[in-house]
Amino acid sequence: MPGPAPHDRMRPEGRRNSQGIRVDPEAEATHEPRQAVLSALVKHRPGVLAEVSGLFSRRQFNIESLTVGPTSDDSIARMTILIEEPRPGIEQAKKQLQKLVPVVSVMELEPEALRRELALIKVGGEKPDDVNAVAEMYDGQAVDASTDSVTVEITGSKQKIDAAVEAFEQFDVQEIVRTGAAALERGPKTLEKHD
Amino acid sequence: MSERASVRKEDEQTETDEEQAPVTTGAQSVVRALENAGAEYIFGVQGGAIMPVYDALYDSDITHVTMAHEQGASHAADAYGIVSGEPGVCFATSGPGATNLVTGIADANMDSDPMIALTGQVPTEFVGNDAFQETDTVGITQPVTKESYFASHSDTVGDDVSEAFALADAGRQGPTLVDLPKDITQGETDVEPKAPETPDTYEVPEEADDEAVQEAAEVLSDAERPVILAGGGVIKANASNALREFATEYEIPVITTMPGIGSFPEDHELSLEWAGMHGTGYANLAITNTDCMLAIGTRFDDRLTGGVDSFAPDADVIHVDIDPAEISKNIYADHPLIGDARQVLRQLFDAMPRAPDADEWREQCQTWKAEYPMSYDTPDDEPLKPQYVVEHFSDVTDDDTIVCTGVGQHQMWASQFWEFTEPRTWVSSHGLGTMGYGVPAAIGAKLAAPDQEVVCFDGDGSFLMTVQGLSVAVREQLDITYVVLNNEAVGMVRQWQDGFYEGRRMASEYPWIPQFDKLAEAFGAAGFRLEDYENVEETIAAARDYDGPSVIDAHIDPGENVFPMVPSGGDNGLFALNEDHLDEI
Ligand SMILES: Cc1ncc(C[n+]2csc(CCOP(=O)(O)OP(=O)(O)O)c2C)c(N)n1
């Protein structure tokens, strides 16, 4: 006595979207990707960077940049990770990160957080004065010069550095290195440390 | 730590005071850490880099079970963990030993089974030099463990093992690994390992937020078509009794996931058995039509959900899980309750303002049960049906019989036609779907529960992958009944080829497999061949009577396929009951 065939069975009207969220037929909510800055304190020990970057690649989170550096506590390092994901993806990235054993704490920074990137740009040495002038426009400075090349240091937001790199293109850019963002919350707020 | 482990620990403590010699090497402190944590068994294979640890094991009361292949060691440890609830322990040497363990580690990781793996490593000074039998074991295993440790000092290697053991058992259980360079285990130390404790960055939530519980309870009470979806986490949290009390008090139908099999008795009126790709029609219809789902300890695997767009599309989802990262990972949780399943069920029990008014819904579920029964054809002239073998075996055994499986059609038949009523009696590879899991898993399960009957349903393909484990079962004289549901094919693949690849049976038919009854005899086990309906009863009886491992080579109808079926990514409510339905959906 087999029951009704597939399409004759009782079934509801609703549906969910690809993120498993029930779709409100009136609001048809979709989640556009946005950029998020995750800041994490991690135990400063060998392998932790591999662990974090491995997590991001195997979970298919799209990393824009990742920077690591020491903190005032020798045993703790701080990572700043920029990702671009829809909101559920950002939540998931935070939780997965928090789950890693060497991760002490994770926070998503406010959009107005301080964000800085450093770039070193090496250009041809033919017009040192012009290079200097452009560097000044971006609050940068020449940090090394030889007969053949000038190297300029610029710090600032990603947009500012993008603009500077573009401006330097007129001088035969030989090499560029950029650090990716380091970021801190404005005001007194800090990331929790474990005791 | 579980009760049994702590009892053992106390016993040992009294012995300790009198006779435990102080540790003198890193290897001894590794073994001491395992003893302190209550390890009973170690499943492993010897080798150069792990030899110092084996040497230290010579003086220990922990029983070492030598396996025939390291993959078997990790599966046996995994099954031991499922059945006992405490981390199973496996050992391997460096290089190939360690890589052979990886499948079992990944398997344990997917199913959140508690397990600790210890691997030998080349001496520290050779690490990174491509030395003989070197692999980057930590690098290889990091993505498939809760944490992989590289031991860096003889004084602290015991602490690493203690911590790894505690971590495997804590919160959401899972596998951990400690890689042990030979110089570290050989090195002198007089430092006793610390007591097992999780790392300070690892926090385990206990109770869920009261306000959130209250809200969820209101929503569930207001539901007209409520269901409980019980996952493997219910069993892991020892919450099966709490689930029974909750479901019966508030009369809510219970569906399990496949790993959740055994968390709720399948003979209970409220049970709809399990949902998913090959779950029951009634469970899948209830999932599709519910308006409120209390999901406990499940990660909403795609074999359960089918396409997410059609998964419980009308339901408010209350998701109870100990791992916050599971919340809204695959299915959005309207009401996340983060905490231990047993605690949260108690909280919910007290918070429910009233039972949902769901008489009609329960009736509907019963109607579906009658409309879509789990059945198969058994005309006398047909070749033997696998379902009949499973069903008969289930009928003649006790409720606490443990069922292990390989992966494939036989696994589905075992889960569909065995009637499970007790937690920790279903031992199978779910998330990773590892063929070859059955033979060694049955060994781990039997050692974890020597007083319970253990039967393993295997496929001919799966059985061949780890058949060497039979030698271990014979040596240890383990009373296990292996039933190979032999269709001379990797049947599940053949089923998909017939259904979705126009019957082009590329590399799926195995007419050259050995006679498994003879093979069993060659290993020193008892072998039986089964071909007819008439002989099912007596063959199963004879195999069960045999005191030691026995193998029934059951030649089943090679044309038999697994139904119901929800095709990959499909809609659970549109499950197919036969091949014709597949064309319709
Ligand atoms: C290690 C491994 N290799 C391949 C697969 C793909 N696979 C899934 S089911 C299956 C068929 C299993 O055949 P068998 O063990 O004979 O069981 P049956 O389906 O015939 O019952 C295969 C090949 C797998 N799950 N695991």
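Fair warning: this is a prediction, and the values are worked out from it, not measured in the lab. (Residues numbered from 1 in each chain as written. Chains lettered and ligands numbered in written order. Predicted model: local features only at pLDDT ≥ 70, side-chain atom pairs only at ≥ 80, totals over all residues. Heavy atoms only, no water.)

Lay out the confidence of the model for chain B with the relevant residues and their values.
Residues and elements named next belong to chain B. Of the residues in chain B, 97% reach a pLDDT of 70 or more, and the chain-wide mean stands at 96. A low-confidence stretch, residues 1–10 stays under pLDDT 50, and its non-local contacts, those more than four residues away or across chains, total 18 contacts. On the interface metric, ipTM, the complex scores 0.92, and its pTM is 0.95. (pLDDT = per-residue confidence, 0-100. Contact = heavy atoms within 4.5 Å.)

Describe the interface of chain B and chain A, and please don't skip the residues or the numbers.
With 46 residues of chain B in contact, the opposing surface of chain A contributes 38 residues. Taking both sides of the interface into account, the surface hidden between chain B and chain A amounts to around 3400 Å²; carbon and sulfur atoms contribute 49%. In this assembly, chain B and chain A are joined by 5 salt bridges. Viewed at the interface, chain A and chain B are joined by 26 residue pairs in polar contact (both at pLDDT 80 or more). Of all the elements in the fold, those that place two or more residues in the side of chain B that touches chain A are α12 (281–289), β11 (316–321), α15 (359–371) and α24 (579–584) of chain B. Sort the elements by how many residues they give to the side of chain B that touches chain A and α15(B) lands first, with 5 residues. (Buried area = accessible area lost by both parts, 1.4 Å probe. Salt bridge = Lys/Arg side-chain N within 4 Å of Asp/Glu carboxyl O. Polar contact = N/O pair within 3.5 Å; in protein donor to acceptor, adjacent residues only side chain to side chain. Helix = DSSP H or I, 4+ residues; strand = E, 2+ residues; numbered from the N terminus.)

An account of the packing of aromatic side chains is requested, with residue identities and associated values reported.
As enumerated under the stated definition, the model contains 23 aromatic pairs over all chains in all. Relative to Trp418(B), the ring of Phe393(B) has its centre 5.9 Å away and its plane inclined at 40°; by these criteria the two rings are tilted. Of this pair, Phe393(B) sits in helix α16 (residues 386–396) while Trp418(B) sits in the loop between α17 (409–417) and β14 (426–427), and the two are 25 residues apart along the sequence. Residue Phe393(B) shares its accessibility class with Trp418(B), and that shared class is buried. Taken together, Phe393(B), Trp418(B), Phe420(B), Trp426(B) and Phe457(B) form an aromatic cluster joined through their ring pairs. Its end group placed over the ring of Phe575(B), Arg9(A) keeps NZ or CZ at 3.8 Å from the ring centre. (Phe/Tyr/Trp six-rings, centres within 6.5 Å; stacked < 30°, edge-to-face > 60°. Buried < 20%, exposed > 50% of the residue type's maximum accessible area, 1.4 Å probe, protein only. Lys NZ or Arg CZ within 6 Å of the ring centre and 35° of its normal.)

An account of the site of the ligand is requested, with residue identities and associated values reported.
All names here are of chain B. Close to the ligand lie 17 residues, the nearest being Gln409, Gly433, Gly461, Ser462 and Gly491. At a separation of 2.8 Å, a nitrogen atom of the ligand approaches a polar backbone atom of Gly433. Between the ligand and Ser462, the relevant distance is 2.7 Å, taken from an oxygen atom to a main-chain nitrogen or oxygen of the residue. Those elements giving two or more residues to the shell around the ligand turn out to be α17, α19 (460–465) and α21 (491–500). Counting residues per element, the shell around the ligand draws most heavily on α19, which supplies 4 residues. For the shell around the ligand, the residue count by class is 7 nonpolar, 9 polar and 1 charged. (Near = heavy atom within 4 Å. Nonpolar A, V, L, I, M, F, W, Y, C, P; charged D, E, K, R; others polar.)

Tell me about the pattern of salt bridges, and please be specific about residues and values.
Opposite charge on two side chains permits them to pair, given that their charged atoms come into close proximity. Summed over the entire model, instances satisfying the criterion amount to 33 salt bridges over all chains. Three or more residues are tied together by salt bridges with common partners; here these are Lys99(A), Arg172(B), Asp323(B), Glu326(B) and Lys329(B).

How would you sum up a nonpolar patch on the surface? Please name residues and give values.
Residues and elements named next belong to chain A. Side chains of Leu120, Val143 and Val177 sit close together on the surface and give an oily, nonpolar patch of about 220 Å² of accessible area. With respect to the element layout, Leu120 can be found in strand β5 (residues 114–124). On the accessibility criterion, Leu120 (33% relative accessible area) is partly exposed. (Patch = residues over 30% accessible without salt bridge, like charges linked within 9 Å, V, L, I, M, F, W, Y side chains within 5 Å. Areas by Shrake-Rupley, 256 points an atom, 1.4 Å probe, with all protein chains shown as cover.)

An account of empty space enclosed by the protein is needed here, citing residue identities and associated values.
Residue and element names in this part refer to chain B. Under the definition given, this model contains 3 cavities of 30 Å³ or more. What the largest cavity holds in volume is close to 40 Å³. Along its surface, the largest cavity is lined by Met67, Ala68, His69, Gly72, Pro440, Thr466, Gln468 and Gly469. Of the residues that constitute the lining of the largest cavity, the class distribution is 3 nonpolar, 5 polar and no charged. Each pocket or cavity is described by its volume, and for the second largest cavity that value is around 40 Å³. As for the second largest cavity, its lining consists of Gly276, Met277, Asp302, Arg303, Leu304, Gly306, Val566, Pro567, Ser568, Gly569 and Asn572. (1 Å grid on protein atoms, 1.4 Å probe; cavity = no way out; pocket = protein on both sides within 12 Å on 5 of 7 lines; lining within 4 Å. Points joined across faces, edges and corners; volume = space filled by probe spheres on them.)

Hey, could you go over the environment of Glu509(B) for me, with residue numbers and the actual values?
Here Glu509(B) is to be found in the loop between α21 and α22 (516–523). For Glu509(B), the contacting residues outside a window of four places in its chain are Glu488(B) and Ala489(B).

Explain unusual backbone geometry to me, using residue names and the numbers behind them.
Residue and element names in this part refer to chain B. Residue Phe563 is joined to Pro564 through a cis peptide bond whose omega torsion reads 0°. Along the chain, the position of Pro564 falls in the loop between β18 (550–555) and α24. Look at Asn238: it is not a glycine, yet its phi comes out positive at around 50°. Its location among the elements puts Asn238 in the loop between α10 (232–236) and α11 (240–250).

Talk me through the side chain of Asp557(B); I want residue IDs and the actual numbers.
For Asp557(B), the position within the fold is in the loop between β18 and α24. Leaving out residues up to four positions away in the same chain, Asp557(B) has contacts with Glu382(B), Pro383(B), Leu384(B) and Lys385(B).

Lay out a negative patch on the surface with the relevant residues and their values.
On the surface, Glu206(B), Glu207(B), Asp209(B), Asp210(B), Glu211(B), Glu215(B) and Glu218(B) cluster together into a patch of negative charge. One can find Asp210(B) in helix α9 (residues 210–222). (Lys, Arg positive; Asp, Glu negative; His and termini not counted. Charge placed at Lys NZ, Arg CZ, Asp CG, Glu CD.)

If you had to explain the sheet that holds strand β3 (residues 88–92) of chain B to someone new, which residues and values would you point to?
Residues and elements named next belong to chain B. Spatial strand order, β2-β1-β3-β4-β6-β5: 6 strands in an open sheet with parallel pairing. The open sheet terminates on both sides in strands that have one partner only, identified here as β2 (63–66) and β5 (147–150). Within this sheet the neighbouring strands show an average axis-to-axis angle of 20°, counted without direction. When strand β1 (residues 41–44) meets β2, the two strands line up parallel, connected through 4 bridges. Across the sheet, Gly44 pairs through a bridge with Thr66, a residue of β2. Of the strands in this sheet, β3, β4 (115–121) and β6 (175–181) touch helix α5 (residues 96–111), which is tilted by about 165° from β4. (Pairing = 2+ DSSP bridges. Axes fitted to C-alpha atoms, helices over the stretch in contact; angles between N-to-C directions.)

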